[in-house]
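# Architecture and fold: a report
Here are the chains, one letter per residue:
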Amino acid sequence: MQSETNLLQGLNDKQLQAVTLPHLSALILAGAGSGKTRVLTTRIAWLIQTGQTSPMGLMAVTFTNKAAKEMLTRLTSMLPINTRGMWAGTFHGLCNRMLRAHYREARLPSTFQILDTADQLSAIKRVMKAMNVDDEKYPPKQVMGYINSCKEEGLRAETVDAYDGHSQKLREIYAAYDQQCNREGVADFAELLLRCYELLEREPHIRAHYQQRFQYILVDEFQDTNRLQYLWLKLLGGAHNSIFAVGDDDQSIYAFRGARVGNMSDFQRDFNVQNIVKLEENYRSHSNILDAANAIITNNRNRLGKNLWTSAGKGEPIRIYEAYNDTDEAQFIVDEVNMLQKEGVPLGDMALLYRSNAQSRILEHTLFSANIPYRVYGGLRFFERAEIKHALAYLRLIANANDDTALLRIVNFPPRGIGARGLEQLQEAARQNECSLWQAATNKVGEGKLGSKGLDGFVALIRQMVDHGYGITLGEMAEMVINLSGLMAHYQNDKEGEDRIENLQELVTAAVAFSNQSLGNHHNMDEDADQLTQFLNHASLEAGDHQADVGHEALQLMTVHAAKGLEFHSVFIGGVEEGLFPHEQAAYENGGLEEERRLMYVAVTRARQRLYLTYAQSRMLHGQVRYGIASRFIDEIPADLTKRLNSKPVAKPYAAGGQYNAQPVQASSAQSSYPFKIGQSVRHGKFGEGVVVSYEGNANDLAIKVNFGSAGLKTLMLEYAKLEKI
DNA sequence: CGACGTCCCCTTTTT
DNA sequence: GGGGACGTCG
């Protein structure tokens, strides 16, 4: 066994302090690149090694499966322990595990299935149809957002406020949706958390059991927790447990999906946190990069306060390139990538980051033409692909025949002659008997009242699958389902079905691998669930890796969000323009601009050696040419940290970094086209006061977009709009 | 039932 | 510009 000193070796003072804190709640403010994961895992290893707790006496919570896996991998490299059975995983994974263990008290069937986002949306559409709700007035996606944010606030339909007709309707849909889920025995992601929270709140003995067990609770990325997650932690933490929260308020970039940075200060207050350790020494970047990041983030208010530093030296200046248009920007990046590669920087150690996915197309196009291998992150994940979801739906029906969502997905896929009319009859029968579609279907078949021959065949097919399913392995079951259902044959007849066939085969492989692994289980540890249910949970909770793995010999393309937690030798941030980054939409949201700034902070701190910020004077957006100006975030970087690589037209007399603007080409004409800075307050004779949002149209007849608040968002021809600055 | 056309909208994303 | 959702026609 390794010695204690060995474990703690190489930690700096602050890291050491954090790792060895006493059994009290603590907040670790871990800046970018400050060794956060190391501190977290070393703390766990140290607690176990010194006998303060056992692997079973602690709980470690993360947001992503990737982070959980990495934590466990690092832990096993530090300590010769078996991580099997440890309560380490994502919020959802851990809640799922508790719900499986106490499904009766949680009022769930033992085989309850998990709805992913797409399943949830279709379930909501189904409820709304049954209720005859106008989906123009209540767009299903918005309804889903409403339901999820209620759940994330810990509110049920019975407890949520509704002040007008609209919100009353929403509340009604919410109630009906929850009823439907209960009837079908399914739970969406937010439900896993809320159900688990309610379970712990309602059942004192279960709560006491876990409180007693988890004397140490460690939470990663604490700044990303939502209200419900915080309440859940609070419940488990109880009065005397130690919660070790690691996070960085400056890297909170998920407010849009319910994250509450405020949980950090609530935590300090609620748990009377005396131990606050700031990890500010950065082991990743040179100081020019860190100074730029610090300078940007200083513009945010209400920070907990933190300044990154390094002993690595100044390093290279931050390169800023103003492109003529998006094509020029892409070409510039390609040229620089080629040059860096010649200098010996591995392609996989360079990243191209952007604010929104739409920006990747032109970059991909240019990279493709230049023959540079690249890899784009994002898009559909394995378990989200249509053919995989189809195959899984058959498996779900075998596990739980009342899962209407699954049934509807495949009742007529591959096509077997069940039309909309037949389905409507079936749904009507289910509604009348208050039973699931499957029960309604079997009744019909039993009574000989067939809506269609197809339905008869479908019922027989599922029964056949259930029969065949006894006593065979998971892999065999997957194979059986794919063949008996006709999915395989269907895609074989489709001349573009090759990829789908490959994916279906991959699913069989995944099922085989899963059952092999679950012998020495590393997964969700649903001790009480059978293997099929476990596999289906795995598919819902781990839809596949989305995040980049370093070391791929290809240029890495991803959104800034996807880049969080990663680092690269060289980083290009494209489209650093007003309207794009900060994103136009952010201007309308409360605190939106500050979140954009944190996003820029995250982006900048990904670079170790070299950082490029590029922006374009014009680019195609939504099929229209848009004219942009450099992002305010560029202005926030002190000029002496930057190097302007060109500087064609500088349309901004107020631009920072003037000494590098060696060639003020065409400056005069460009300058006069943009009389107002984005964000400038203006007054209009008719609409009143507003804020300049963006410029649109082409150079000859430039339009200006202004947000007049209550008068709305207006696009005005610049030439005629009599706007005055306020 | 499926192929094709039209309309609409358009951040970020994990579970 | 382009993908997704929906509707119509063969």
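Residues numbered from 1 in each chain as written. Chains lettered and ligands numbered in written order. Predicted model: local features only at pLDDT ≥ 70, side-chain atom pairs only at ≥ 80, totals over all residues. Heavy atoms only, no water.

The six strands are arranged E3-E2-E6-E7-E1-E8 in an open sheet whose pairing can be described as parallel. At either end of the open sheet lies a strand with only one pairing partner, and these are strand E3 (87-90) and strand E8 (275-279). With direction set aside, neighbouring strand axes in the sheet form an average angle of 10°. Pairing of strand E1 (residues 26-30) with strand E7 (residues 242-247) involves four bridges; the strand directions are parallel. Its bridge partner lying in E7, Leu-27 is registered against Ala-245. Contacting E1, E7 and E8, helix H12 (residues 262-270) runs over the sheet at an angle of about 150° to E1. (Pairing = 2+ DSSP bridges. Helix = DSSP H or I, 4+ residues; strand = E, 2+ residues; numbered from the N terminus. Axes fitted to C-alpha atoms, helices over the stretch in contact; angles between N-to-C directions. Contact = heavy atoms within 4.5 Å.)

Neighbouring residues of DNA strand C: Arg-361, His-622 and Gly-623. Per the 4 Å cut-off to the protein, sugar and phosphate atoms form 18% of the nearby atoms of DNA strand C. One of the backbone nitrogen or oxygen atoms of His-622 is found 3.3 Å away from a base oxygen of DNA strand C. (Near = heavy atom within 4 Å. Polar contact = N/O pair within 3.5 Å; in protein donor to acceptor, adjacent residues only side chain to side chain.)

Once that is clear, we can look at the environment of Tyr-163. Position of Tyr-163 relative to the elements: it lies in the loop between helix H7 (140-152) and helix H8 (165-184). Along the backbone, Tyr-163 and Thr-76 are 87 residues apart, and their C-alpha atoms lie at a distance of 53 Å.

What follows deals with the confidence of the model for chain A. Of all residues in chain A, 88% have pLDDT values of 70 or greater, and the mean over the chain is 86. The element-level mean pLDDT for chain A is lowest in helix H28 (residues 667-673), coming to 39, with strand E13 (residues 568-573) highest at 97. Note that residues 522-526 has pLDDT below 50 and, in this model, 18 contacts with residues that lie over four places away or in other chains. Long-range and interchain partners of residues 649-668, a stretch whose pLDDT sits below 50, account for 33 contacts in this model, where long-range means more than four residues apart. (pLDDT = per-residue confidence, 0-100.)

With that settled, consider the nonpolar core. Membership of the largest hydrophobic core comes to 62 residues, with the highest contact counts inside it found for Met-59, Met-98, Leu-200, Trp-232, Leu-233 and Phe-267. Among the elements that make up this core, the one with the highest residue count is helix H9 (residues 189-202) (seven residues). Those residues in contact with Met-98 that lie beyond four places of it in its chain are Trp-87, Cys-196, Leu-199, Leu-200, Tyr-210, Phe-214, Trp-232 and Leu-236. Judged by nonpolar contacts, the second largest core, of 52 residues, contains Phe-382, Tyr-394, Ala-440 and Ala-543. (Core = buried A, V, L, I, M, F, W, Y, C linked by side-chain atoms within 4.5 Å. Buried < 20%, exposed > 50% of the residue type's maximum accessible area, 1.4 Å probe, protein only.)

Around DNA strand B, the surrounding shell holds 27 residues, and the nearest of these are Thr-117, Asn-412, Pro-415, Thr-559 and Glu-589. Between Arg-355 and DNA strand B, the recorded distance is 3.0 Å, taken from a side-chain N or O atom to a sugar or linking oxygen. One of the side-chain N or O atoms of Arg-381 is found 3.3 Å from a phosphate oxygen in DNA strand B. Grouping the amino acids of the surface near DNA strand B by side-chain chemistry returns seven nonpolar, 15 polar and five charged. (Nonpolar A, V, L, I, M, F, W, Y, C, P; charged D, E, K, R; others polar.)

What follows covers the pattern of salt bridges. All told, the structure shown has 43 salt bridges when counted by the stated rule. As a salt-bridge pair, Arg-619 and Glu-577 come within 2.5 Å of each other at their nearest N and O atoms. In this pair, Arg-619 sits in strand E14 (residues 607-621) while Glu-577 sits in the loop between E13 and helix H26 (592-604), placing the two residues 42 residues apart along the sequence. Here Arg-619 matches Glu-577 in class, with each residue buried. (Salt bridge = Lys/Arg side-chain N within 4 Å of Asp/Glu carboxyl O.)

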